[in-house]
Amino acid sequence: MGSSFPAPLRLTLALLWQLGLSAAIQWLGLMVNGSRVAWNETQHCKILDGLVPDQVQLCRRNLELMHSIVRAAKETKGVCQKTFSDMRWNCSSIEYAPSFSPDLMKGTRESAFVYALAAAAVSHSIARACASGELPICSCGSVPSEVPGPGFRWGGCGDNLRYGLQMGSAFADGPMKSSKAGGQATRLMNLHNNAVGRQVLTDSLETKCKCHGVSGSCSVKTCWKGLQDLSEIATDLKSKYLAAIKVTHRHMGTRKQLVPKELDIRPVREAELVYLVSSPDYCTKDSKLGSLGTQDRQCNKTSVGSDSCNLMCCGRGYNAYTESVVERCQCKYHWCCYVICKKCQRTVERYVCK
Ligand SMILES: *[C@@H]1O[C@H](CO)[C@@H](O)[C@H](O)[C@H]1NC(C)=O
Ligand SMILES: *[C@@H]1O[C@H](CO)[C@@H](O)[C@H](O)[C@H]1NC(C)=O
Ligand SMILES: *[C@@H]1O[C@H](CO)[C@@H](O)[C@H](O)[C@H]1NC(C)=O
Ligand SMILES: *[C@@H]1O[C@H](CO)[C@@H](O)[C@H](O)[C@H]1NC(C)=O
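Worth saying up front: this structure is predicted, and the values here are computed from it rather than measured.

## A short note on the packing of aromatic side chains
Remark: the centre distance and the inter-plane angle together describe each pair of aromatic rings, the angle taken between the planes.
Then, number 1: One pass over the full model with this rule turns up seven aromatic pairs.
Then, number 2: Ring centres of Phe152 and Trp154 lie 5.3 Å apart, and the angle between their planes is 80°; on these two criteria the pair is classed as edge-to-face.
Then, number 3: Ring geometry for Tyr318 against Tyr351: centres 5.5 Å apart, planes inclined by 90°, an arrangement best described as edge-to-face. Taken together, the positions of Tyr318 in strand 10 (residues 318–334) and Tyr351 in strand 11 (residues 338–353) put the pair 33 residues apart, joining distant regions of the chain.
Then, number 4: In this structure an aromatic cluster arises from ring pairing among Phe84, Trp89, Phe113 and Tyr241.
Then, number 5: The ring centre of Tyr241 lies 5.8 Å from the NZ or CZ of Arg109, which sits over that ring.

## Remarks on the site of ligand 1
Then, number 1: Within the structure, ligand 1 sits among Val32, Asn33, Arg36, Ile47, Leu48 and Pro98.
Then, number 2: Take Asn33: an N or O atom from its side chain is 2.3 Å from an oxygen atom of ligand 1.
Then, number 3: Out of a free accessible area of 360 Å², ligand 1 has 42% covered by protein chains.
Then, number 4: Partitioning the shell around ligand 1 into residue classes produces four nonpolar, one polar and one charged.

## Things to note about the sheet that holds strand 11
Then, number 1: Taken together, three strands build an open sheet; the order of strands is 9-11-10 and the sheet is antiparallel. With partners counted over all chains shown, the strands left at the sheet margins are strand 9 (298–299) and strand 10, one partner each.
Then, number 2: Bridge analysis of strand 9 against strand 11 gives two bridges, and the strand direction is antiparallel. Looking across to strand 11, one finds that Gln298 is bridged to Val352.

## Comments concerning the pairing of strand 3 (residues 220–226)
Then, number 1: With two bridges joining them, strand 1 (residues 153–154) and strand 3 adopt parallel strand pairing. If you follow Trp154 over to strand 3, its bridge partner there is Cys223.
Then, number 2: Relative to strand 3, strand 2 (residues 206–212) runs antiparallel, the two sharing seven bridges. By the bridge assignment, Lys210 is partnered in strand 3 with Thr222.

## Structural notes on the pairing of strand 10
On a regular strand, one side chain projects to one face of the sheet and the next to the other, so that they alternate.
Then, number 1: Bridging between strand 10 and strand 11 involves 15 bridges; their strand directions are antiparallel. Across the sheet, the residue bridging to Tyr318 is Cys353, located in strand 11.
Then, number 2: The turn linking strand 10 back onto strand 11 is made up of three residues.

## With respect to the packing of helix 5 (residues 109–131) against helix 6 (residues 161–172)
Then, number 1: In contact at an axis separation of 7 Å, helix 5 and helix 6 are set at 140° when each is read in the N-to-C sense. Between helix 5 and helix 6, the interaxial angle falls into the category oblique. Of the two elements, helix 5 crosses helix 6, and the hand of that crossing is right-handed. Packed against helix 5, whose contacting residues are Ala119, Val122, Ser123, Ile126, Ala127 and Cys130, the element helix 6 presents Leu161, Tyr163, Gly164, Leu165, Met167, Gly168, Ser169, Phe171 and Ala172 at the interface.
Then, number 2: Taken together, the residues of the contact of helix 5 with helix 6 break down into 11 nonpolar, four polar and no charged.

## Observations regarding a nonpolar patch on the surface
Then, number 1: Together, Tyr333, Trp335 and Val339 give the surface a local cluster of nonpolar side chains, amounting to about 450 Å² of exposed area.
Then, number 2: Mapped onto the fold, Trp335 is located in the loop between strand 10 and strand 11.
Then, number 3: Judged by relative accessible area, Trp335 falls into the exposed class, the value being 77%.

## Things to note about helix 8 (residues 184–203)
Then, number 1: The end-to-end C-alpha separation of helix 8 is 29 Å, in line with the 28 Å expected for 20 residues at 1.5 Å each.
Then, number 2: Among the residues making up helix 8, those that are buried are Ala185, Arg187, Met189, Asn190, His192, Asn193, Asn194, Val196, Gly197, Arg198, Val200 and Leu201.

## A word on the environment of Asn193
Then, number 1: For Asn193, the location among the structural elements is in helix 8.
Then, number 2: For Asn193, a relative accessible area of 0% puts it in the buried group.
Then, number 3: With 81 residues separating them along the chain, Asn193 and Val274 place their C-alpha atoms 6.7 Å apart.
Then, number 4: If we ignore the near neighbours within four places in the chain, the residues touching Asn193 are Ala112, Ala116, Glu272, Leu273 and Val274.

## Brief notes about the domain arrangement of the chain
Then, number 1: Parsing the chain into structural domains produces domain 1 (7–141 + 158–201 + 229–244 + 278–293) and domain 2 (299–354).
Then, number 2: Here the C-alpha centre of domain 2 lies 33 Å away from the C-alpha centre of domain 1.
Then, number 3: Taken together, the five residues of domain 1 in the interface contact six residues of domain 2.
Then, number 4: Carbon and sulfur atoms supply 56% of the area buried between domain 1 and domain 2, which totals about 490 Å² over both sides.
Then, number 5: Together, Asp86, Arg88 and Cys283 form the three largest contributors to the area buried by domain 1 at its contact with domain 2, with a combined 80%.
Then, number 6: On inspection of domain 1 and its partner domain 2, the count reaches zero salt bridges.
Then, number 7: A class-by-class count of the residues in the side of domain 1 that touches domain 2 yields two nonpolar, one polar and two charged.

## Focus: the site of ligand 2
Then, number 1: Around ligand 2, the surrounding shell consists of Ala38, Asn40 and Glu41.
Then, number 2: Asn40 is positioned such that a nitrogen or oxygen atom in its side chain is 2.2 Å from an oxygen atom of ligand 2.
Then, number 3: Glu41 places a side-chain nitrogen or oxygen 3.1 Å from a nitrogen atom of ligand 2.

Basis of the calculations
- Residues numbered from 1 in each chain as written.
- Chains lettered and ligands numbered in written order.
- Predicted model: local features only at pLDDT ≥ 70, side-chain atom pairs only at ≥ 80, totals over all residues.
- Heavy atoms only, no water.
- Phe/Tyr/Trp six-rings, centres within 6.5 Å; stacked < 30°, edge-to-face > 60°.
- Helix = DSSP H or I, 4+ residues; strand = E, 2+ residues; numbered from the N terminus.
- Lys NZ or Arg CZ within 6 Å of the ring centre and 35° of its normal.
- Near = heavy atom within 4 Å.
- Polar contact = N/O pair within 3.5 Å; in protein donor to acceptor, adjacent residues only side chain to side chain.
- Areas by Shrake-Rupley, 256 points an atom, 1.4 Å probe, with all protein chains shown as cover.
- Nonpolar A, V, L, I, M, F, W, Y, C, P; charged D, E, K, R; others polar.
- Pairing = 2+ DSSP bridges.
- Axes fitted to C-alpha atoms, helices over the stretch in contact; angles between N-to-C directions.
- Parallel < 35°, antiparallel > 145°, perpendicular 65-115°, else oblique.
- Left-handed = near helix turned anticlockwise from the far one by under 90°.
- Contact = heavy atoms within 4.5 Å.
- Patch = residues over 30% accessible without salt bridge, like charges linked within 9 Å, V, L, I, M, F, W, Y side chains within 5 Å.
- Salt bridge = Lys/Arg side-chain N within 4 Å of Asp/Glu carboxyl O.
- Buried < 20%, exposed > 50% of the residue type's maximum accessible area, 1.4 Å probe, protein only.
- Expected span 1.5 Å × (residues − 1).
- Domains from an automatic or database assignment.
- Buried area = accessible area lost by both parts, 1.4 Å probe.

Given below as structure tokens:
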């Protein structure tokens, strides 16, 4: 385990480690060293302890996919932190990968989001890599079967969602298929949320077009199916995170399934994120719960959303300070072709939680 953890957290992590609990998203640890390897020798598949045997095998057989998977791990971190920068829980614990603090170890709403996003990210990354010609094993997505609308024809190179989903689910779901990763309820939760992530990815497929014709007249238009950026997929998943359903593992008919805990008896829906364990409010620091607290977090005095000083600081109040920022200003266009700006200094008020 890395030594970059605060001491109390290190203790908690060591304890979880001893209990044999491990997160099925340990592969996110590839973001640490994954870019340093060339991924052209099967022994590279051993650089991360956190890969389960199925993932190692997939790696050995498909070395060329690993660049896309490493990219997916990095994107998951960046996009998660950006998407949650206005929330009390701000996804910073993803930085501990391949170890995690309890907010991502215990079947919480936060882990539901991260699993779904990570699963979507792998498939997204592979689907795009196929289309960009990076992978010898796949190429553009197949031509859509739907009849093209008026004024365009199918062409270009679409993202290969089918291949992305196939290899992405084999990789991201691998840990849940192996017997070691946590209890059965957690495994079902993770599998469900991974599938939700991939469904949101699939729904993000949209028609993108390019114009041709004399001097941009757009008399000929070619279109293909392309995926939206991961940050948009994350925004959809954040809505699902806010509406996530608490579930419990119980008999429904002959099989044990995840069923909503506090609603009518019904199976969980394909489209909803589910979690097993309630989260703390993330207001105060509690490393046993994986909460960093919001002290010293920046808040927005005029916002009425989750980044408002009232919500972010949990009613504790805030401190104001001023900061001077230097900006480009009074820009003038000079013919031809450059812009000259002045530098202006401006003071801005900032607010941080007590
Ligand atoms: C990354 O590489 C360093 C140096 O080889 C090693 O100490 C560390 O454990 C590795 N971390 C991960 C997550 O693979
Ligand atoms: C893998 O790539 C590295 C760096 O590009 C190169 O030095 C090495 O010889 C390659 N190994 C094989 C087995 O091709
Ligand atoms: C998230 O919040 C913690 C705790 O306040 C802070 O230390 C950290 O810098 C924040 N991380 C990001 C990525 O904003
Ligand atoms: C604060 O929130 C307001 C209203 O939502 C927004 O217009 C403004 O850009 C935000 N300011 C900062 C510094 O994020």
